[in-house]
Amino acid sequence: MNQLGMAFYSLSAIGFLFLLVLLITRRDRKPFIRLVSAAAFSGVFLSVSALNGELLPLTLLLETLFNASLCAAIYALLSASGSVSRIKYPYLAFFLAAVLLEAINFSLPIALGLWVIGAHLLESLAGLYLLELLYRVTPSPKRWMIKPLALGFGAIFVTHFVLYADALLFGGLDQTLWQVRGIILLIAIPFIILGIRRLKQQGSRLFVSRTVVYGSTIILFAGVYLLMMALLGYYIRATGHTWSQLAQVAFYALSITALVAIQMMEKWRSRLKIFISKHFFANRYEYREEWLTLSSSLAALEGSPYSAAIKAMMRPFQCRGGALLTASNNSFTITHTENLPKDSLDELAWIQQHLAGECVTHDWIYDQRQATRHAMPKSMPFQVTKPNNLTNHLPIVIPLTSAHHFRGAIVLSVPPFNKVLDWEDRDLIKAIASQLAMYCHLYQASEKLAEHQQFAAFNRMSAFLVHDLKNVSAQLRLISKNAALHKDNPEFIADVFDTVIAAGDKVDNIVKQVTSKRLMPKANSRFNLRSALVAAAQRYHARSPKPQLVIPDSLHQLEIDVDRDRFENVIGHLIQNAQEATPADGSLHISLYAEDNLVTIDIADTGAGMTEDFIRDRLFHPFDTTKGNQGLGLGAYDAKTFVEENHGHLYVQSSLGIGTTFSLVFQQAS
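Every chain is numbered on its own, with residues counted from 1 as its sequence reads. Restriction of local features to residues with pLDDT of at least 70 applies here, the model being predicted, together with a cutoff of 80 or more for giving and counting side-chain atom pairs; totals for whole chains, interfaces and linings are based on all residues. Hydrogen atoms and water are omitted, and side-chain values are computed over all heavy atoms in the structure.

*Asks:* So what's going on with the packing of aromatic side chains? Which residues, and what values?
*Replies:* Think of it this way: a Phe, Tyr or Trp ring, Trp meaning its six-membered ring, pairs with another when their centres are within 6.5 Å, and the plane angle makes it stacked under 30 degrees, edge-to-face over 60, tilted otherwise. Across all of its chains, the model carries 5 aromatic pairs by this definition. Summarising the aromatic geometry, the rings of Y306 and Y443 are spaced 5.1 Å apart at their centres and angled 85° between planes, so their arrangement reads as edge-to-face. Here Y306, found in helix 12 (residues 305–314), pairs with Y443, found in helix 15 (residues 423–486); they are 137 residues apart in sequence, far enough to count as distant. Pairwise contacts between aromatic rings join F527, F567, F642 and F666 into one cluster. Of note, R181 hangs over the ring of W178, and the distance from its end group to the ring centre comes to 4.2 Å. Only when the NZ of Lys or the CZ of Arg is both within 6 Å of the ring centre and within 35 degrees of the ring normal is a charge said to sit over the ring. R426 extends its terminal NZ or CZ atom over the ring of W364, reaching a point 5.6 Å from the ring centre. Runs of E in the DSSP output that reach at least two residues are strands. Runs of H or I that reach at least four are helices, and both are numbered from the N terminus.

What follows is the structure, given as structure tokens:
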């Protein structure tokens, strides 16, 4: 075996030893972990023994144990998934026979070469069969968990199959394939580690000393680096035969120097430590519990929402005080403080003016103690100098930003024991900060929405009141118009007094509603429906076409239970709209029907009519009018709203050039 093959087998031995250490130090002792540990143990000795060609019988025996451990590990996964087949005992008998055959071949001078090679070929086939079975019985959504493991185990079994199939055909082991196996073993190890991590139901957290793992990783990286340098040196030696030995020694010396320089780079080492901690160790924080606690604390809403946001950030780090700053017009405002000492207010004001904006702009979690010690995971994107006369009660500034343009910052007091933030703290802070930013944004949006709703309600009230005033004004103008013709008519004078008194009552009601800044609904009252329709029609009797009442004698005593004043206003608005849409020589009829416990009021005209699109899209939309500045577009909307508030229905039938019928359906008074 040449130096390159020895290097690969040596590295694979180191890799299997690393895997063995990781698995032995796990807290769980499930069958799968034990069997993979046994495989790693066998892999160590297999890689070591493969370095010496004189130990071939021992190597083959260790390989059989290695294959048996891998197959048993796959079978353990099949058992855990509930897919146990009837292959347990045949496999056990086969590997026991293979181990016995290997032991005889190792201890006795008997020529069993072809038998041993055939046994190893069958071992690789058995492993591939189990691997395929595991992949097929695993549900599709969960196959991603076993893919790395399948790639690692599959690469080993396929390599063994090719190696021993070639040996069986040509009567001997091929040295090139034998050396390639060392490469495959080395490549398979990371896939096996990744596969074990993904098997969460088997417990994928590795509880290993971080220092040991970091040192082992450095050794692994160093081995890979030196291997690359060895390949390059081998190439130089193979092609550059005119190079002197001194040049080659100098080249290797420079390579080792470069490796040492890389390991001495603090920034690279710190990033490597963070990578190892994130991917090989359990997190300090249980994010599910942190999320549930955060959700419950925000939902409880003890105090103001801003106070809840500050406390939610303080809780994981046991800080005693904090403050929330929010941005407006490129400046920050102290929105809320929580348990801050008085002597820290100057420090908070300095953070508000000089530091909060930088943290939010660069999305940087600032820790004054790290900035002082120059121990940041990476260089700060901005530079600030804190005056010496300020206290150090508020060392932590956390940016709050959302995609909806909310900008703010939370300032925290010193945690217990003056603990400096590490990468795990920062990851948790980022997760909480993203939720708090959205929480504060939604709170501000709800405040603005409530304010807009108040204005909308006031505007709506004003529109209805203006609508009523317009009707009062129209009645008074109608009296003034007819006064010259009927001023000597006693009936006209009596009608004028009734109209003026009713107008005065309406104006008083409008004044009360404007003073109280809200619409004042009246209580429902039971009244005679015919008398209310007659009163509403009489208000518009002076206009053309005059409304004609069609009420059967049998329905003269019919009653409903609603607000009478508003009922008469709604009927009056519909009559007025019908008169405005109908020529003077047209007709306008108000009809009354009753069926079961329902009454129907039809207001039918022979006017211009409306299209179906207009009825569907515009008729009942407030402030949508075809009268220009003379109308508000509230008559039909108010009618529909009033009818539905009293559990009734409003229907419209209309045809262009023929006319329109409004049907109002109410329940009879019981």
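Following the structure, the description resumes.
*Asks:* Explain the sheet that holds strand 3 (residues 366–367) to me, using residue names and the numbers behind them.
*Replies:* Neighbouring strands of a sheet are bound in pairs by backbone hydrogen bonds; such pairs are parallel or else antiparallel. In space, the 5 strands of this open sheet follow the order 2-1-5-4-3, with antiparallel pairing throughout. This sheet does not close on itself; its edge strands, each paired only once, are strand 2 (331–338) and strand 3. Pairing of strand 3 with strand 4 (residues 396–401) involves 2 bridges; the strand directions are antiparallel. Bridging across to strand 4, Y366 finds its partner in V397. Whether two residues touch is decided by their heavy atoms; if any such pair falls within 4.5 Å, the residues are in contact. Under this scheme, a helix contributes an axis fitted over its contacting stretch, all axes are lines through C-alpha atoms, and angles between N-to-C directions fall in the 0 to 180 degree range. Along the sheet face, helix 13 (residues 345–362) touches strand 1 (322–328), strand 2, strand 3, strand 4 and strand 5 (407–412) and points at about 115° away from the line of strand 2. Strand pairing is assigned whenever DSSP detects at least two bridges linking the two strands.

*Asks:* Explain the side chain of N569 residue by residue, including any values.
*Replies:* By the element assignment, N569 lies in helix 18 (residues 564–581). N569 gets classed as buried once you look at its relative accessible area, which sits at 15%. Setting aside residues up to four positions removed in sequence, N569 forms contacts with D468, K506 and R539. Note on exposure labels: buried denotes an accessible area under 20% of the residue type's maximum, exposed denotes more than 50%, and partly exposed covers the range between, all computed with a 1.4 Å probe on protein chains only.

*Asks:* Could you give an account of the sheet that holds strand 12 (residues 659–667), naming the residues involved and the relevant values?
*Replies:* In spatial order, the strands read 7-9-10-12-11; together these 5 strands make up an open sheet with mixed pairing. Since the sheet does not close on itself, it has two edges, and those belong to strand 7 (547–550) and strand 11 (649–655), each with one partner. Adjacent strand axes in the sheet meet at a mean angle of 15°, parallel and antiparallel pairs treated alike. Both strand 10 (residues 598–605) and strand 12 contribute to a ladder of 8 bridges, which runs antiparallel. Considered in strand 12, the bridge of I601 is made with L664.

*Asks:* Summarise the nonpolar core; cite the residues concerned and give the values.
*Replies:* What is meant by a nonpolar core is a set of buried Ala, Val, Leu, Ile, Met, Phe, Trp, Tyr and Cys residues, joined one to another through side-chain atoms within 4.5 Å. Ranked by size, the top nonpolar core spans 45 residues in total, and within it F16, L19, F153 and I192 carry the most contacts. With residues up to four places along the chain from it excluded, the contact list for I192 reads L19, V36, P148, L149, G152, F153 and I156.

*Asks:* Go over helix 12 with me, naming the residues and quoting the values.
*Replies:* By the criterion of burial, helix 12 is predominantly enclosed, with 9 of the 10 residues buried. Inspection of helix 12 places P305, Y306, S307, A308, A309, I310, A312, M313 and M314 among the buried residues, and these make up the whole buried set.

*Asks:* Which residues make up the pairing of strand 10, and what values go with them?
*Replies:* Pairing between strand 9 (residues 588–595) and strand 10: 8 bridges, direction antiparallel. Each residue of the ladder has a partner; that of S591, found in strand 10, is D602. Here strand 9 hands over to strand 10 after 2 residues, with D596 in that stretch at a positive phi of 55°.

*Asks:* Could you give an account of the side chain of Q576, naming the residues involved and the relevant values?
*Replies:* Looking at the secondary structure, you find Q576 in helix 18. Residues contacting Q576, with those up to four places away along its chain left out, are N471, Y540 and R543.

*Asks:* Can you break down the confidence of the model for the chain residue by residue, with the values?
*Replies:* Averaged over every residue, the pLDDT of the chain is 77; the share at 70 or more is 73%. For every residue, the predictor assigns a confidence score, pLDDT, that lies between 0 and 100. Below a pLDDT of 50 lies the segment residues 201–219, which in the model reaches 48 contacts outside its immediate sequence neighbourhood of four places, other chains included.

*Asks:* Describe the pattern of salt bridges, and please don't skip the residues or the numbers.
*Replies:* Throughout this description, the term salt bridge denotes a Lys or Arg side-chain nitrogen within 4 Å of a carboxyl oxygen of Asp or Glu. Applying the stated criterion across every chain yields a total of 11 salt bridges. A salt bridge links E63 to R181; its shortest N-O distance comes to 2.2 Å. Here R181 lies in helix 7 (residues 175–198) and E63 lies in helix 3 (residues 56–80), a separation of 118 residues in the sequence. Judged by its relative accessible area of 0%, E63 falls in the buried class. Taking the shortest distance from any N to any O, the salt bridge between R526 and E559 comes out at 2.5 Å. A residue pair is termed long-range when its members are at least 10 positions apart, and R526 in strand 6 (residues 525–528) and E559 in strand 8 (residues 559–562) qualify at 33 residues.

*Asks:* So what's going on with helix 19 (residues 612–619)? Residues and values would help.
*Replies:* Residues that lie three or four places apart on an α-helix share one face, since the helix turns once every 3.6 residues. For helix 19, the full list of buried residues reads F614, I615 and L619. The arc that holds every buried residue of helix 19, seen down its axis, measures 100°, which confines them to one face. Pointing more than 90 degrees away from the buried face of helix 19 are the exposed residues E612 and R616. The inward-facing, buried residues of helix 19 abut helix 20 (635–645), strand 11 and strand 12. Regarding the arc, it is the one traced by the directions from the helix axis to the C-beta atoms.

*Asks:* Outline the pairing of strand 2, listing residues and values.
*Replies:* Note that strand 1 and strand 2 share 7 bridges and pair antiparallel. Paired with S328 across the two strands is S331, which belongs to strand 2. Count of turn residues in the strand 1/strand 2 antiparallel hairpin: 2 residues, of which N329 carries a positive phi of about 55°.

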